[in-house]
Amino acid sequence: MPAITATVQTTWPPRVLVSVTGLTVGDGIELYRESSGRRTLVRAGASDAVADPSFLRTDAELPFGVPVSYVATVNGDTEYVTAPTVYALPGGKVAVTDAITGDSAETVIMAWPERARTRQASRFDVGGRTVVVSGPMGQPSGDVELFTASTAALEDLVGVLSTATEGVVQVRQPGGYDGVDSYLAVLGVVDRRFSQDGSDPRRIVVVQAAEVEGWAPQLEARGSTLQDIANSYDVAGPAMNANPFFETNVAGWSASGGSFARSTAQFHEGAASGLLTPSGAASIAEVGTDLAAAAAGVTYQMSAWVRCAVARSVVIGANWWTAGPTFGSDTVTSVAVPANTWTLLTFSATAPAGTVFAQMKVQMTGTPLASHLLYVDEAVQRRAFVSLSGLSGDYPSLLALAQAEFA
């Protein structure tokens, strides 16, 4: 059975990925945005016969600050609808965008005093009277004054206005106001100094504009932005340690201050876990992974599900080893664990200078009694995600990330 889902993407300005799944190949579909009682076909949102059971479209033209729903009409009669959602435009300023390329600029409207409508007409003076042959009244036109506070903001705005697809941009405000939210054909751009001080980067950008219907309907909104890349790369790396589930043995792990063995008495996943039994005499009972290659400055993530026979604190962390290998230092965190309850421990830390190896560890301190049985399962050490947030204009960093990934 078909289902429709709308997922907001945290680009600026936000856009929505609308997916219709569960279709039958050959179904006809129309995908609409519904807001303020009006339905608008999502760009490239119609197909007479889908070639895939999933139909996905990016809506980069939605209004902000008002309820928006998405409606999928399948085979002309059955409708599937999302719940109304109010999407916010962060920053409080105005978005000037090109949905086709994904380009955008943040600005402030300083003045939009007139929206003049004219009628294409021919006038004839015939026999002492005036005859006018005319067509319908056109859409409004006028000058819009936009403000930029920095050179970078000016370059962004002028860039969008100059290279806009079909010479058209979309203007949207946080509140979704009629008469302001519109598509504008850019007829000319005037860059005016805010003051005559040469050190003042502020500018008034006067856009000579005519309101239009938007881009040609066959043009599809760009389906990939830096946010899509971030969504793909902002995930943890593969497990660095062997045998995180202890299904057959505890190879790849070693204990101190007690013993560590496979147990089927308790498990969080599968049919077994690792059981750490303190000696009752050692100040610390600990189990750790074999050493794994690591690098200084890289952030690593450790996670493990643990279950203790008593309520107590359990430590998760990492040992950092230098060349040799020689123990250098450790980074840990302590978590209060309730009795006989599986609890997820998570921890991340950046390897210090000189690190060559990393070792994940789980331990109990304070001379734990032999009765403090600690079960460990799904214990994984991995490289933490690499965030691409904030790199939209940092091309050297993006290039470095790409080169590192594909080297």
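Predicted model only: the values in this text are computed from it and were never measured. (Residues numbered from 1 in each chain as written. Predicted model: local features only at pLDDT ≥ 70, side-chain atom pairs only at ≥ 80, totals over all residues. Heavy atoms only, no water.)

## Some details on the overall build of the protein chain
Phase 1: Within the protein chain one finds three helices and 27 strands.
Phase 2: Counting only C-alpha atoms, the protein chain reaches 120 × 65 × 40 Å along its principal axes.
Phase 3: Looking at the protein chain as a whole, 41% of its 407 residues are labelled buried.
Phase 4: Contacts spanning at least 24 positions in sequence make up 67% of the contacts within the protein chain whose residues lie at least 6 apart.
Phase 5: Element-wise, carbon and sulfur atoms account for 53% of the exposed surface of the protein chain, whose accessible area totals about 20200 Å². (Helix = DSSP H or I, 4+ residues; strand = E, 2+ residues; numbered from the N terminus. Buried < 20%, exposed > 50% of the residue type's maximum accessible area, 1.4 Å probe, protein only. Contact = heavy atoms within 4.5 Å. Areas by Shrake-Rupley, 256 points an atom, 1.4 Å probe, with all protein chains shown as cover.)

## Looking at the nonpolar core
Phase 1: With 30 residues, the main nonpolar core has V362, L374 and V376 as its most contacted residues.
Phase 2: When residues of this core are assigned to their parent elements, the largest contribution, five residues, is made by strand 22 (residues 299–308).
Phase 3: Setting aside chain neighbours within four positions, we find V362 in contact with L276, A285, E286, V287, A304, V306, V314, V315, I316, L374 and V376.
Phase 4: One finds V16, V42, V50 and A95 within the second-largest nonpolar core, a separate group that totals 20 residues. (Core = buried A, V, L, I, M, F, W, Y, C linked by side-chain atoms within 4.5 Å.)

## Re the pattern of salt bridges
Phase 1: For the coordinates displayed, the defined rule picks out 11 salt bridges.
Phase 2: Between E34 and R39 there is a salt bridge; the shortest N-O distance is 2.7 Å.
Phase 3: Relative accessible area serves as the criterion here: at 28%, E34 is assigned to the partly exposed category.
Phase 4: Its relative accessible area of 37% is what places R39 among the partly exposed residues.
Phase 5: In this structure, D191 engages R203 in a salt bridge whose closest nitrogen and oxygen atoms are separated by 3.7 Å. With a gap of 12 residues between them, D191 in strand 15 (residues 182–193) and R203 in strand 16 (residues 203–212) connect regions that are remote in the sequence.
Phase 6: On the basis of relative accessibility, which here comes to 16%, the residue R203 falls in the buried class.
Phase 7: Because the salt bridges share partners, they merge into one network encompassing E34, R39 and E79. (Salt bridge = Lys/Arg side-chain N within 4 Å of Asp/Glu carboxyl O.)

## A word on the sheet that holds strand 9 (residues 94–97)
Phase 1: With antiparallel pairing, the six strands of this closed barrel are ordered in space as 9-10-13-16-15-14. Direction aside, neighbouring strands of the sheet carry axes that sit 50° apart on average. (Pairing = 2+ DSSP bridges. Axes fitted to C-alpha atoms, helices over the stretch in contact; angles between N-to-C directions.)

## With respect to the pairing of strand 11 (residues 119–126)
Phase 1: In the sheet, strand 11 pairs with strand 12 (residues 129–137) via seven bridges, with the strands oriented antiparallel. What sits directly across from F124, in strand 12, is V131.
Phase 2: Taken together, strand 11 and the strand that follows it, strand 12, pair antiparallel across an intervening segment of two residues, in which G127 is found at a positive phi of about 55°.

## With respect to the packing of aromatic side chains
Phase 1: Scanning all chains against the criterion turns up seven aromatic pairs.
Phase 2: Measuring from ring centre to ring centre gives 5.5 Å for F147 and F194, while their planes differ by 65°; the resulting arrangement is edge-to-face. Here F147 is found in strand 13 (residues 141–148), whereas its partner F194 is found in the loop between strand 15 and strand 16, with 47 residues between them in sequence.
Phase 3: For F194, a relative accessible area of 37% puts it in the partly exposed group.
Phase 4: Here the aromatic rings of Y300 and W320 are separated by 6.2 Å at their centres, their planes lie at 50°, and the arrangement is tilted. Here W320 lies in strand 23 (residues 312–322) and Y300 lies in strand 22, a separation of 20 residues in the sequence. For the pair Y300 and W320, a shared accessibility class is recorded, and that class is buried.
Phase 5: Cluster of aromatic residues (ring-pair linked, three or more members): F246, W253 and F260. (Phe/Tyr/Trp six-rings, centres within 6.5 Å; stacked < 30°, edge-to-face > 60°.)

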